[in-house]
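# Survey of secondary and tertiary structure
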Amino acid sequence: MAKDQEKKEETHRMQREEEEEEEEEESENWDDWNKNLDDEEEEMEEFDFKCLFCDSTHASCDSLLQHCRLTHHFDFHAVRKAFALDFYASFKLINYIRSQVAENSSWSFELTGQPGQNLEKLSHETVNGIKLLWDDDKYLKPVMEDDSLLYSFAEDEEGEDDDTTSVDKEELMRDLRNFENMIIIDENNGEKSAFDTDIFNEDGTKVLPSSNGHLNMRTKMEAVIGMESRTTVGLGNRGLKDKHLIVLHGNSIAKDIENVNENYFGAYSSFGIHREMISDKVRMDAYRQAILKNPSLFRGAVVMDVGCGTGILSLFAAQAGASRVMAVEASEKMAAVATRIAKDNNLLQSKTQNEGNNQCTGVIEVVQGMVEDLHKSIQIQPHGIDVLLSEWMGYCLLYESMLSSVLFARDTWLKPGGAILPDTATIFVAGFGRGGTSIPFWENVYGFNMSCVGQELVQDAAQNPILDVVDDRDLVTNAVVLQTFDLVKMKPDEVDFTASIELEPKLGSSTGNFTELIAWCYGVVLWFDTGFSSRFCKEMPAVLSTSPYTPKTHWSQTILTFQEPLAMALRKPSADRSAAAAAAAVGTDECPAARLSLRISIARATKYRSIDISVETAGVGPHGQKRSLPVQIFNIS
């Protein structure tokens, strides 16, 4: 019996051991499977999202869709909302676009006109409404194998409000009240066709279109279909009741703009900001020279100063002999300050009764409000201004979006042939080296190595732009023009642009930036110049430069850091080195790039007064081979 019991216990023990071994083996297999899955996911995260329109790849769905919006002017989320597309309809849309691009690489999804295709061709009229071109079950079949976008675009939908419900006619008409002019731009011929439908206020009066063709983006609403959220479009060319016009988030957008403006103008109520600007010698010298050293332009002139702040430019204009100066300031506090300053200097225009006659003293009239609403505050004839003056520039030139207000004033109030100061603006770009980063500082802090902090800051800078002063000795490439604006001729929508440039290594030396044969480029730096050219300043032109080569200004420069530094060859490699470099990645120590090819887009962001900057970078080898870095998108807000 004892032996039988021992055998049973031995059998049970062996069974338990076998079970434990099986469980352990299953656990190991499961861990291996999870590890393989994690490895696959990590591989997928490495730029597995291919652009809908070009060959660029991206690390995430959000990055890809933001690239499409900035570079190709296709806002996927806005189109989904505009057409109330569910998951399957959106799935079809992606495959439809890929099929069109596969057939024609230059095809683009734009509702504002494209080669051989007008607005209506993106949809077919049906009895009950619109049948979209991609509304076909054949587009449920993926066009591209392993298309990550198809399975990722809806991941962020959970918890979002459903804003895709179509608006009825009464709601549409309420949102359209106070809206100035609705246009469709055909990029083929540059023509603008206004809707042929009249819009009326509640009292029956007709809402007149803007005489200058501007869309008043500060009014009730905006609409978005495949373009930036500033463009308002409709479908078709018949009456409004036959239009399938989509109005998106009208009231909330207007409220957002109102809030941003309140914060923006509130910030300019701080005297510290105005002291910083007035203390900027480069800024003040350029404007003072342009105004006081060109008496023939200002003597007896009617001048408008847009965004006058303390009124310093208006004071210069009055000093130069202007007959009337309208100083326009949206901040209520600063308008009161500018009024007091003009009065204290005996330059404020005032009307007093003297023996029955109005007697005017001084020439400056301060008007509180936005320039778009100027006609509500004072009597002013359209196109009655001789000189339009403004210091409108923001970081990277275009941040703050004040230029649109200046262009509005130009088109509404400036005389034909009148002067606008400054009249030119240019954005420059150059590559910077290691000295332009925070790495050198953290390498030796009182004898201690804190380089890990510098490395982390550089990684963060690859996602967020830095506003700082760059030493010209830390530039490792030549400087090139990215974009030039002629403020006399430019259109308001030209503030959004895409430009392609090439940067070549700069021969020279600077500690930490160069080795014997290689310059390491860590990113690009942007700055701007504005010009008071001889077109208007005939006696003495002037230039305001924010360049690293000139004294620093309060604008500093805008620094955009690459995700990894790129090596650039300072001279042509030897035959031996060239052969060895053929198999290496371009931009590395083994195969330094001969030049950098960049495509940079700057556009007004969804958040009002902010800008988005998209940077596509590729290193070009000595034999023309290329290696592209992931597309980077920066926001200045």
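To keep things clear, this report deals only with the structure shown in the data block.

What counts, and where the lines are drawn
Residues numbered from 1 in each chain as written. Predicted model: local features only at pLDDT ≥ 70, side-chain atom pairs only at ≥ 80, totals over all residues. Heavy atoms only, no water. Axes fitted to C-alpha atoms, helices over the stretch in contact; angles between N-to-C directions. Helix = DSSP H or I, 4+ residues; strand = E, 2+ residues; numbered from the N terminus. Parallel < 35°, antiparallel > 145°, perpendicular 65-115°, else oblique. Left-handed = near helix turned anticlockwise from the far one by under 90°. Contact = heavy atoms within 4.5 Å. Salt bridge = Lys/Arg side-chain N within 4 Å of Asp/Glu carboxyl O. Buried < 20%, exposed > 50% of the residue type's maximum accessible area, 1.4 Å probe, protein only. Phe/Tyr/Trp six-rings, centres within 6.5 Å; stacked < 30°, edge-to-face > 60°. Lys NZ or Arg CZ within 6 Å of the ring centre and 35° of its normal. Pairing = 2+ DSSP bridges. Expected span 1.5 Å × (residues − 1). Patch = residues over 30% accessible without salt bridge, like charges linked within 9 Å, V, L, I, M, F, W, Y side chains within 5 Å. Areas by Shrake-Rupley, 256 points an atom, 1.4 Å probe, with all protein chains shown as cover. Core = buried A, V, L, I, M, F, W, Y, C linked by side-chain atoms within 4.5 Å. Domains from an automatic or database assignment.

## A look at the packing of helix H8 (residues 281-292) against helix H10 (residues 312-319)
Between H8 and H10, whose axes approach to 9 Å, the crossing angle comes to 25 degrees. As summarised for this structure, H8 and H10 are arranged roughly parallel, according to the angle between their axes. Between H8 and H10 lies a crossing whose hand is right-handed. Along the contact surface, H8 presents Met284, Tyr287, Arg288, Ile291 and Leu292, while H10 presents Ile312, Leu313, Phe316, Ala317 and Gln319.

## Considering the pattern of salt bridges
Applying the stated criterion to the full structure yields 20 salt bridges. The residue lysine 92 makes a salt bridge to aspartate 137 at a minimum N-O spacing of 3.3 Å. In this pair, lysine 92 is assigned in helix H4 (residues 87-103) and aspartate 137 in the loop between strand E4 (129-132) and helix H5 (169-176), connecting sequence segments 45 residues apart. Its relative accessible area of 11% is what places lysine 92 among the buried residues. Note on aspartate 137: relative accessible area 57%, which makes it exposed.

## Describing the packing of aromatic side chains
Aromatic ring pairs are reported here in terms of the distance separating the ring centres and the angle at which the planes meet. Inspection of the entire model under this criterion finds 11 aromatic pairs. With centroids separated by 5.9 Å and ring planes inclined at 15 degrees, the aromatic side chains of phenylalanine 428 and tryptophan 527 adopt a geometry described as stacked. Here phenylalanine 428, found in strand E14 (residues 424-432), pairs with tryptophan 527, found in strand E18 (residues 518-532); they are 99 residues apart in sequence, far enough to count as distant. Under the relative-accessibility criterion, phenylalanine 428 is labelled buried at 18%. A relative accessible area of 4% places tryptophan 527 in the buried class. Within the aromatic cluster, the residues linked to one another by ring pairs are Phe53, Phe74 and Phe76. When the ring centre of phenylalanine 271 is taken as origin, the NZ or CZ atom of lysine 333, which lies over that ring, is 4.5 Å away.

## Some thoughts on helix H12 (residues 403-413)
With respect to burial, H12 is a largely interior element, nine of its 11 residues being buried. Taken as a whole, H12 has its buried residues at Leu403, Ser405, Val406, Leu407, Phe408, Ala409, Arg410, Thr412 and Trp413. For H12, the secondary structure elements touched by its buried residues are strand E7 (302-306), strand E12 (385-390) and strand E13 (414-421).

## Brief notes about the pairing of E14
Among the nine residues of E14, eight are classified as buried, and the element is accordingly described as predominantly covered. Two strands pair when backbone bridges link them, and E14 and E18 are joined in this way by nine bridges, in the antiparallel orientation. Residue valine 429 lies in a different strand from E18, and its bridge partner there is leucine 526. One ladder, built from six bridges, connects E14 with strand E16 (residues 480-486); its direction is antiparallel. Residue pairing across strands places threonine 426 opposite threonine 484, the latter belonging to E16.

## A look at H4
Helix length check: H4, at 17 residues, gives a terminal C-alpha distance of 25 Å against a target of 24 Å (1.5 Å per residue), a fit within 8%. Of all the 17 residues making up H4, 13 are buried; the element is thus mostly covered by neighbouring parts of the structure.

## Details of the sheet that holds strand E8 (residues 324-329)
Ordered by their spatial adjacency, five strands build an open sheet running E11-E8-E7-E12-E13, and the pairing between neighbours is parallel. With one partner strand each, in any of the chains shown, strand E11 (364-368) and E13 form the two edges of the open sheet. Between one strand and the next, the sheet's axes are offset by a mean angle of 20 degrees, whatever the strand orientation. As judged from the five bridges shared by E7 and E8, these two strands associate in the parallel manner. Bridging across to E8, aspartate 305 finds its partner in alanine 327. Sheet strands in contact with H10 are E7, E8, E11 and E12, and its direction is about 175 degrees off that of E8. Across the face of the sheet, helix H11 (residues 332-344) comes into contact with E8 and E11 while running at roughly 170 degrees to E11.

## Focus: a nonpolar patch on the surface
On the surface, a cluster of nonpolar side chains totalling about 290 Å² of accessible area is made up of Phe87, Tyr88 and Leu140. Of note, tyrosine 88 is situated in helix H4. For tyrosine 88, a relative accessible area of 55% puts it in the exposed group.

## Brief notes about the nonpolar core
For soluble globular proteins, nonpolar side chains are generally found buried alongside one another. Counting residues in hydrophobic clusters, the biggest one holds 101 residues, and the most contacted among them are Met304, Leu482, Ile602 and Ile613. Counting contributing residues, this core receives three or more from each of domain 2 (271-420) and domain 3 (424-636). Leucine 482 has contacts with Ile427, Phe428, Val429, Phe497, Ala499, Ile501, Leu526, Ile600 and Ile602, leaving out every residue within four places of it along the chain. Counting residues in each nonpolar core, the second largest holds 29 residues, with Cys68, Phe83, Leu85 and Ala89 among its members.

Everything listed here is a matter of geometry and, on its own, says nothing about what the molecule does.
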